[in-house]
Structures are given as C-alpha cells and as structure tokens.
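Examining the three-dimensional arrangement
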Amino acid sequence: MATGRTHRPATRSRGIPEATVARLPLYLRALTALSERSVPTVSSEELAAAAGVNSAKLRKDFSYLGSYGTRGVGYDVEYLVYQISRELGLTQDWPVVIVGIGNLGAALAGYGGFASRGFRVAALIDADPAMTGKPVAGIPVQHSDDLEKIIEEDGVSIGVIATPAGVAQQVCDRLVAAGVTSILNFAPTVLSVPDGVDVRKVDLSIELQILAFHEQRKAGEEAEAEATAAPTPPTALDAAGETPRKGSGRKGPDGDLPAVMPA
C-alpha cells in the first residue's frame, strides 16, 4: 500500500542518468524513422537535429550505452535501434492494464503506438458495471473487482490510470498491492507510492497552461517591440526655427523662463 512518500525515481541500471533515459525514446523515434527510409548510417549532428537536442549532449548520452560511432561514418542506424530498444526494455513483451475506460481510457486502448513499441494491452478495467463485457478497441472491458486477479494472471507490471482524480489514489494503491511497479498516471492528481514504484504523470491541462504562459509572454514582447519602434513625434520649434531650451516650467511674456536667471 502507499506509504505517503512522494515519488522518487528508482536507481537506473548501469548508472545511466535519468535525463539521458528520458531522451532515449526521442533518439529511438528518430532512428526508427531513418530505418523505415532504409538510411544505413547517421551522423551525430543529423540525429541530434532530428531528436531536438544538441550533438554534444547526444554523444554524451550514447557514451553511457557504450556506443561511440565511427569518425567520418557516424552511427549504424539498425544497431542503435536495437541497442536503445534493449536498454529501454522494448525487446520483450510488456503487458499493460488500463484502468478507467472513459473517453481518455478508450482512446488509449485504441492507440496503435503501444503494440508497435512492445506494449500489449492485457486488460481494460472499469468500475461501471454497465461497461463490463463491452468491447473497446476489440478488447472486452472487465470489472474493477477482478483487478488483482487480472494482474496476477497476466503478469502485469505496468498500469495506466485514466480515472477521475478522486479515485486515482485508491486505484494506485490497489495496483501497487497487486504487484504493479510502474504507473502511467493521466489523472489530474499527484500519487503517493512506496519505494521501488515508478510513476510518470501526464497532465494535458498543465501543458496547455505552460503554452498559454509562453503565448502571453510573446504577445507582451511583440507589443513592447511595437511601442519601441513607434516614431518619435517631431519637436516644436520656436519662432527663430530653433528648439526651445528646457526651462523651469514658468511662462514669461516671451515663453519659458530659464531655470536659472542670469545675475
């Protein structure tokens, strides 16, 4: 059961930093696209650009995998696909359960990217009795009363939570107690888990709020730039065609009086 401890990432094997692990899927996606185009090799600069990182960071990340490429040739695309897939654990089958089959859960069930990346949706689970037996993306929904039995029978270690926030922690506790050690959380709440359990949170509303912040900042910068670029109004000239001297602000018969009167 949950201990109330806020999630802390588990220690990674082979001393690979968490930031590097987070970038490996980006490299794999770019490499897979190259592989599908039958590109045999790729330079660090080309791959870094495709993954959206700088080449020095990419080379450092790959050094943790023991892959350094060949000068003048680059990296072997097929080998890197295998190497990163193995490091991410994608060379084996990972059964996944999705709990909460509302609009989001149903969309996740039909997402083709799971199967193509080594994740098999083993079960769809919902607390609504009316959903039991209903096929979603070709998989019959099962009732949440059978959650523990399903996890044990299918050897599930990864759970996806797509429930309302109010029941997400309860679902998390049941998943962990049944043996699930990795959770992908789509519920808009923070989950507490025991040591050894990894949680990844996906919150679309937060991402949109961050984008709104950047949009507001860009709009402010554009308005400031427009104000700075606005032409300065011409300075009024006196009768002699010269710019009046700045005075004290007091008016005399011939205009502004100087701030300091001559002795």
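Reference entry: report on the structure contained in this document. What you see is a predicted model, and the numbers here were worked out from it, not measured in a lab.

For the rest of this paragraph, the subject is the pairing of strand S3 (residues 94–99). The buried count for S3 comes to five of six residues, which makes it a mostly enclosed element. With four bridges connecting them, S3 and strand S7 (residues 158–161) associate as parallel partners. Its bridge partner being in S7, valine 96 is matched across the sheet by isoleucine 158.

On to the packing of aromatic side chains, then. In total, this model carries three aromatic pairs according to the counting rule given. Both rings, one in tyrosine 27 and one in phenylalanine 62, keep their centres 5.1 Å apart while their planes meet at 75 degrees; by these two values the pair is edge-to-face. Of this pair, tyrosine 27 sits in helix H1 (residues 18–36) while phenylalanine 62 is found in helix H3 (residues 55–64), placing the two residues 35 residues apart along the sequence. On the basis of relative accessibility, which here comes to 0%, the residue tyrosine 27 falls in the buried class. For phenylalanine 62, a relative accessible area of 0% gives the class buried. Aromatic pair phenylalanine 62 and tyrosine 75: ring centres 5.1 Å apart, planes at 85 degrees, arrangement edge-to-face. In this pair, phenylalanine 62 sits in helix H3 while tyrosine 75 sits in strand S2 (residues 75–76), placing the two residues 13 residues apart along the sequence. For the pair formed by phenylalanine 62 and tyrosine 75, the shared burial category is buried. Here the aromatic cluster, defined as three or more aromatic residues joined through ring pairs, consists of Tyr27, Phe62 and Tyr75.

How each quantity is defined
Residues numbered from 1 in each chain as written. Predicted model: local features only at pLDDT ≥ 70, side-chain atom pairs only at ≥ 80, totals over all residues. Heavy atoms only, no water. Buried < 20%, exposed > 50% of the residue type's maximum accessible area, 1.4 Å probe, protein only. Helix = DSSP H or I, 4+ residues; strand = E, 2+ residues; numbered from the N terminus. Pairing = 2+ DSSP bridges. Phe/Tyr/Trp six-rings, centres within 6.5 Å; stacked < 30°, edge-to-face > 60°.

Just geometry here; none of it tells us what the structure is for.
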